[in-house]
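One-letter residues, chain by chain:
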Amino acid sequence: MYLPPHDPHVDDPMRFKPLFRIHLMERKCATVECMYGHKGPHNGHIQIVKKDEFSTKCNQTDHHRMSGGRQEEFRTWLREEWGRTLEDIFHEHMQELILMKFIYTSQYDNCLTYRRIYLPPSSPDDLIRPGLFKGTYGSHGLEIVMLSFHGKKAKGTKITGDPNIPAGQQTVEIDLAHPLQLPDIENLRDFSELSRIVLEVQEQVRREEQEQGEEEHPQQAAPQPAASPPGGEEGAEGEETAAGAEGTTQNKAPASQPFVLPMGVISRNEDYPRTCRICFYGTGLIAGHGFTSPERTPGVFVLFDDDRFGFIWLELKSFSLYSRIKVSFQNAEAPSREAFDEMLKNIQSLAT
């Protein structure tokens, strides 16, 4: 099992923890050992369910328990997963979320199902090389996100989840057709100024989607006036500008510009880059505990360099910093673009 580094150190390397091992014997026999817990290897079982899917089961779950009971297990898990003790965490809401995550993960320690995940295919037109990234998610700690490109959209899909948004869901979506022009560094500190810029682009995107829908269903469209109002002209001009900017970003690397988080935006990691290449309008998925009332909310995708990007969650006034996972995974390439897209659909359907 690959674990992210301790929160909030996104640039640190991944951690490795063995879950099971197989001893190949003579005459095509094998023994399976579960490696979970702190009492050493013990008897387990593996079953191949179907192509690209198998399950493991522990036959001696008492090896997972500790003499001090659940309290000792929780404190040990906290040290291993978070690199801290319960006394280090003063925020009551954060304590609640961490406890929920412990209960959620520990109830599945005896029987696990594994499904193959393909790494996203790359194209010369991609903004950066797609792949897996570690990201900060506030009190939830670090989570793993897969960044993939789909024409004029980029998607960040959760590979690991939390009590609010499960693995498989699309945590962020980036609209590559709508780059954002950030204000100068002094005005960028003003959250209301950034919010105004983002909400203007959100309204522009809404209008464009509405116009596209009317073009696809002309019989349902309302009659258009002979002369377009000034707002319509601005919308058309905005589209042209966005398309031109998109072409610019695809064909040459943009110059870097100063970057700072607006006042009031919370970041788990204050060591974020102070320059960025380009920003885009995007949406982020938020929900209540248990993935209740999910909704996509506006935000800003910030590209820092080839290995780091960020996302400002406008509604939450929160910032996530993502850093590339540089582990080399063998045999993880998708056989085709269609196979990768099908995999994305499958893991999202499992999450819902």
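Being a predicted model, the structure only gives us computed values, none of them experimental. (Residues numbered from 1 in each chain as written. Predicted model: local features only at pLDDT ≥ 70, side-chain atom pairs only at ≥ 80, totals over all residues. Heavy atoms only, no water.)

Trainee: Just checking my understanding: could you explain the sheet that holds strand S7 (residues 111–115) for this structure?
Mentor: Sheet strands associate in pairs through backbone hydrogen bonding, adopting either a parallel or an antiparallel arrangement. Taken together, the 5 strands give an open sheet; going across it, the order is S3-S4-S5-S6-S7, and neighbouring strands pair in antiparallel fashion. Strands with a single pairing partner mark the edges of an open sheet, and in this sheet they are strand S3 (20–24) and S7. Averaged over all pairs of adjacent strands, the angle between strand axes in this sheet comes to 30°, irrespective of strand direction. Across 2 bridges, strand S4 (residues 30–34) lies against strand S5 (residues 42–50) in antiparallel orientation. Within S5, the position partnered with Cys34 by the bridge is His42. (Pairing = 2+ DSSP bridges. Helix = DSSP H or I, 4+ residues; strand = E, 2+ residues; numbered from the N terminus. Axes fitted to C-alpha atoms, helices over the stretch in contact; angles between N-to-C directions.)

Trainee: Explain the nonpolar core to me, please; I cannot follow it from the model alone.
Mentor: Generally speaking, nonpolar side chains in soluble globular proteins are found buried as a group. Leu180, Phe259, Val300, Ile312 and Phe319 are the most contacted members of the largest nonpolar core, which has 26 residues in total. Put simply, the parts of the chain that give this core at least two residues each are helix H4 (191–216), strand S15 (278–288), strand S16 (292–305) and strand S18 (318–324). When residues in this core are grouped by element, the largest group, 6 residues, is from H4. Setting aside its immediate chain neighbours within four residues, Val300 contacts Leu180, Leu194, Val198, Cys279, Phe280, Gly310, Phe311 and Ile312. Among the nonpolar cores identified, the runner-up in size contains 20 residues, and Leu147, Phe280, Phe311 and Tyr322 belong to it. (Core = buried A, V, L, I, M, F, W, Y, C linked by side-chain atoms within 4.5 Å. Buried < 20%, exposed > 50% of the residue type's maximum accessible area, 1.4 Å probe, protein only. Contact = heavy atoms within 4.5 Å.)

Trainee: In this structure, what is going on with the pairing of S15? I would like to understand it.
Mentor: Each regular strand carries side chains that alternate between the two faces of the sheet. Here S15 lies mainly inside the structure; 10 of its 11 residues are buried. Note that S15 and S16 share 10 bridges and pair antiparallel. Looking at S16, one finds that Phe280 is bridged to Phe301. The hairpin turn running from S15 into S16, its antiparallel successor, is 3 residues long, and Gly290 in that turn takes a positive phi close to 75°.

Trainee: Is there a simple way to think about unusual backbone geometry in this case?
Mentor: Only a minority of non-glycine residues have a phi that is not negative, and only a minority of peptide bonds are not trans. The omega torsion across Asp7 and Pro8 is 0°, close enough to zero to call that bond cis. Tracing the chain through its elements places Pro8 in the loop between strand S1 (2–3) and strand S2 (15–16). Positive phi, normally seen in glycine, also occurs at Phe291, with a value near 60°. Following the sequence through the fold, Phe291 ends up in the loop between S15 and S16. Positive phi is not limited to glycine here, since Ser293 has a value of about 50°. Along the chain, the position of Ser293 falls in strand S16. You can call Ser293 exposed: its relative accessible area is 64%.

Trainee: Looking at this model, I keep getting lost on the confidence of the model for the protein. Mind explaining?
Mentor: It should be kept in mind that the predicted coordinates are not to be read in detail where pLDDT is low. Per-residue pLDDT for the protein has a mean of 84; in total, 87% of the residues score no lower than 70. Low pLDDT, under 50, characterises residues 221–253; the predicted model gives this stretch 21 contacts beyond four residues in sequence or across chains. (pLDDT = per-residue confidence, 0-100.)

Trainee: How should I be thinking about the packing of aromatic side chains in this particular structure?
Mentor: On inspection of all chains with the given rule, the structure shows 19 aromatic pairs. The interplanar angle of 65° and the centroid separation of 5.0 Å between the aromatic rings of Phe133 and Phe309 together place this pair among those described as edge-to-face. Taken together, the residues span a long stretch of sequence, with Phe133 in strand S8 (residues 131–136) and Phe309 in strand S17 (residues 308–313) at a distance of 176 residues. Assessed through its relative accessible area of 0%, Phe133 is described here as buried. Residue Phe309 is classed as buried on the basis of its relative accessible area, which comes to 1%. Clustering of aromatic rings is evident, with ring pairs tying together Phe133, Tyr137, Phe280, Phe301, Phe309, Phe311, Trp313 and Tyr322. Taking the ring centre of Tyr36 as reference, the NZ or CZ of Lys17 above it sits at 5.3 Å. Positioned above the aromatic ring of Tyr137, the side-chain terminus of Lys158 is 4.5 Å from the ring centre. (Phe/Tyr/Trp six-rings, centres within 6.5 Å; stacked < 30°, edge-to-face > 60°. Lys NZ or Arg CZ within 6 Å of the ring centre and 35° of its normal.)

Trainee: Help me out: how do you make sense of the pattern of salt bridges in this one?
Mentor: Where charged atoms of side chains with opposite charge meet at close range, the side chains can pair. This structure, assessed with the given rule, holds 23 salt bridges. Note that Lys326 and Asp307 form a salt bridge whose closest N and O atoms lie 3.6 Å from each other. Of the two residues, Lys326 sits in the loop between S18 and helix H6 (337–351) while Asp307 sits in the loop between S16 and S17, which places them 19 residues apart along the sequence. Given a relative accessible area of 66%, Lys326 falls into the exposed group. Here Asp341 and Arg337 are joined by a salt bridge, their closest N and O atoms 3.7 Å apart. One end of the pair, Asp341, and the other, Arg337, are both in helix H6, 4 residues apart, so they sit about a helical turn from each other. Residue Asp341 is classed as partly exposed on the basis of its relative accessible area of 29%. If you follow the salt bridges from partner to partner, you end up with Asp11, Asp305 and Arg308 in one network. (Salt bridge = Lys/Arg side-chain N within 4 Å of Asp/Glu carboxyl O.)

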